[in-house]
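Examination of the molecular architecture
So the chains spell out like this:
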Amino acid sequence: MKSVAVTKCGLINAENQSDKGIIEVRDIPEPTLQGEQVRIKVAYCSICGSDPHCMEENIFGWDIPFGVGHEMSGVIVEVGKKATKRGLKVGDRVAGNFLNFCGTCYYCVNGQEQFCEFCAESNQPCMSENVTWHESQVYKLPDDVSLKKGCLLEPVSVVVRVMDKLGPKIGQRIAVNGGGPIGLLCIQMLKMMGAVDLTLFEPISDRRDLGRKYGADHCIDPTAVDIVQKTNDITGGLGFDAVIEVSGNLKAAYNMPELMAKGGTLMYVAMYPNDFEMPLNLCKTFFNKELTLTGTYVSPYAFPRATQIMPRLQLDDFITSVYDIDDVAEAFVMQKTGKYPKVLIRCNNFDGE
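These notes cover the structure that comes with them. (Residues numbered from 1 in each chain as written. Predicted model: local features only at pLDDT ≥ 70, side-chain atom pairs only at ≥ 80, totals over all residues. Heavy atoms only, no water.)

Before going further, it helps to examine the overall build of the chain. Regarding its fold elements, the chain presents 11 helices and 16 strands. For the chain, the residues scored as buried account for 52% of the 353 residues in total. Within the chain, residue pairs in contact and separated by at least 24 positions form 69% of the contacts whose partners lie at least 6 positions apart. As displayed, the chain has an accessible area near 16,100 Å², and 48% of this comes from carbon and sulfur atoms. (Helix = DSSP H or I, 4+ residues; strand = E, 2+ residues; numbered from the N terminus. Buried < 20%, exposed > 50% of the residue type's maximum accessible area, 1.4 Å probe, protein only. Contact = heavy atoms within 4.5 Å. Areas by Shrake-Rupley, 256 points an atom, 1.4 Å probe, with all protein chains shown as cover.)

Let us look at the sheet that holds strand β4 (residues 66-67). Spatially, β2-β1-β4 is the arrangement adopted by the 3 strands of the open sheet, whose pairing is antiparallel. Bordering the open sheet on either side are β2 (22-27) and β4, each of which pairs with just one other strand. Bridge count between strand β1 (residues 2-8) and β4: 2 bridges; the pairing is antiparallel. Paired with Val 6 across the strands is Phe 66, a residue of β4. (Pairing = 2+ DSSP bridges.)

Pro 65 follows Ile 64 through a cis peptide bond whose omega is 5°. Among the secondary structure elements, Pro 65 is positioned in the loop between α1 (50-57) and β4. Even without being a glycine, Val 298 presents a positive backbone phi close to 50°. Relative to the helices and strands, Val 298 resides in the loop between β14 (292-295) and α10 (303-309). Non-glycine residue Tyr 301 carries a positive phi angle of around 60°. Overall, Tyr 301 belongs to the partly exposed group, its relative accessible area being 40%.

With that settled, the discussion passes to the sheet that holds strand β10 (residues 196-201). Backbone hydrogen bonds are what pair the strands of a sheet, in a parallel or an antiparallel way. Read from one edge of the open sheet, 6 strands run β11-β10-β9-β12-β13-β14, paired in parallel fashion. The two strands at the open ends of the sheet, each matched to only one other strand, are β11 (218-220) and β14. Taken pair by pair, the neighbouring strands of this sheet meet at an average axis angle of 15°, ignoring direction. Against the sheet, helix α6 (residues 205-213) makes contact with β10 and β11, and its axis sits at roughly 170° relative to β11, the strand it touches most. (Axes fitted to C-alpha atoms, helices over the stretch in contact; angles between N-to-C directions.)

This part is about the layout of surface pockets. Where empty space is left can be seen by rolling a probe of water-molecule size over the atoms. Here the second largest pocket is characterised by a volume of approximately 250 Å³. Residue lining of the second largest pocket: Tyr 254, Asn 255, Pro 257, Glu 258, Pro 279, Leu 280, Asn 281, Lys 284, Thr 285, Asn 288 and Lys 289, and that is the complete set. Mapped onto the lining of the second largest pocket, the elements with two or more residues apiece are α8 (250-255) and α9 (282-288). The class makeup of the residues in the lining of the second largest pocket is 4 nonpolar, 4 polar and 3 charged. (1 Å grid on protein atoms, 1.4 Å probe; cavity = no way out; pocket = protein on both sides within 12 Å on 5 of 7 lines; lining within 4 Å. Points joined across faces, edges and corners; volume = space filled by probe spheres on them. Nonpolar A, V, L, I, M, F, W, Y, C, P; charged D, E, K, R; others polar.)

Turning our attention to the packing of helix α4 (residues 153-166) against helix α5 (residues 181-192). One can describe the packing of α4 onto α5 by two numbers: an axis separation of 9 Å at closest approach and a directional angle of 55°. It follows from the interaxial angle that α4 and α5 lie oblique. The interaxial crossing formed by α4 with α5 has right-handed handedness. Where α4 abuts α5, its residues Pro 155, Val 156, Val 158, Val 159, Val 160, Val 162, Met 163 and Leu 166 lie against Ile 182, Leu 185, Cys 186, Met 189 and Leu 190. For the contact of α4 with α5, the per-class residue count stands at 13 nonpolar, no polar and no charged. (Parallel < 35°, antiparallel > 145°, perpendicular 65-115°, else oblique. Left-handed = near helix turned anticlockwise from the far one by under 90°.)

Moving on: the pattern of salt bridges. The tally for this structure, following the rule as stated, stands at 16 salt bridges. Its salt-bridge partner being Glu 30, residue Arg 39 comes within 3.4 Å of it at the nearest N-O pair. Overall, the relative accessible area of 35% leaves Glu 30 in the partly exposed class. One salt bridge connects Lys 149 with Asp 316, and the closest N-O pair in it is separated by 2.9 Å. Highlighted residues: Lys 149 in helix α3 (residues 147-150) and Asp 316 in the loop between α10 and β15 (322-324), separated in sequence by 167 residues. (Salt bridge = Lys/Arg side-chain N within 4 Å of Asp/Glu carboxyl O.)

Following both chains from N to C, one finds α1 and helix α11 (residues 328-337) inclined at 110°, their axes separated by 11 Å at the closest point. Comparing their axes, α11 and α1 come out roughly perpendicular. Relative to α11, α1 is oriented so that their crossing is left-handed. For the pair α1 and α11, contact is made by Asp 51, Pro 52, Met 55 and Glu 56 and by Phe 332, Gln 335 and Lys 336, respectively.

Within the largest apolar cluster, 48 residues are counted, with the highest numbers of intra-cluster contacts made by Val 156, Leu 190 and Ile 244. For this core, the secondary-structure elements that each account for two or more residues are β3 (37-46), α4, β9 (173-177), α5, β10, β12 (240-245) and α10. Sorting elements by how many residues they give to this core places α4 first, with 7 residues. Not counting residues within four places of it along the chain, the set of residues in contact with Val 156 comprises Leu 185, Met 189, Ala 306, Ile 309, Met 310 and Leu 313. (Core = buried A, V, L, I, M, F, W, Y, C linked by side-chain atoms within 4.5 Å.)

The next thing to look at is α1. Counting buried positions along α1 gives 6 out of 8 residues, so the element sits mostly inside the fold. Restricting attention to buried positions, one finds in α1 the residues Ser 50, Asp 51, Pro 52, Cys 54, Met 55 and Glu 56. Of the surrounding elements, those touching the buried residues of α1 are β1, β2, β3, β4 and α11. The first or second residue beyond α1 is Asn 58, which carries a positive phi of 50°.

Here it is as structure tokens:
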């Protein structure tokens, strides 16, 4: 079957592939279906912001070539004989969690399945014609969520996890730094949860427009203003009760504590280079302000609720750029331009989708 693989790592620029980074479609063997697994014919797989990091830096140290893609939707085409616990059947429209938490290691039984020691053992790249997953990884899509929108279940789950850990309260002043897919989904959910003076810092004007559309009260170009002064203007000098950093910009990451109110929570959600270290003034950050600094890693316990909230989210703007699997190299070049919130790979054609 066809599957997308990185065959050489290096920088991909916004005009064309450099000779240092190569991504291409390859034929790979179809995995044997085990008893508790289901086989899914993939409809769409969207490009995650982490995928270019894998291509350019091989941040996880995988052996080359390696497959990519984890934000998928599709239709079940085969069900293992023992895959009976979730009520899944051939023809179901589904999406899911690319990680298969084992359920038995220390972290899984301690309520921390995001740190599962064996979750990557059955990971399969989703920019493929088919994937074969354990039934526990698979979730039926709501009837009013298309396959195009369905491939966004995984990023929606990331934002559900962010909300779980942040615990926003009605009436809190909250800012999001970065108007990519996760940032824009954060704006939508924070608006639902009663944030006030909801602020998006984002340099791309089209994404600021989307932030306004999704409910942000203030959409600020951080390259055009002093963001600390702007924060003081918005909050009356108090700072934000919570800030979510999702831009991945290293300078921005360093500046975020300056935006915080006393007692606030600063969450770093983006993926940063493995060797990036950020100095902190411990007296100002923790003694004087009592800030909480935290982050998130994947989406434990979030997928069932992410599935339920998807029909209430505005997702049409995320699914306008679609490339066929054979054009995946062009798709990654487009993704790097930042022109679209999301770029989707069509892995198979389905009638009406």
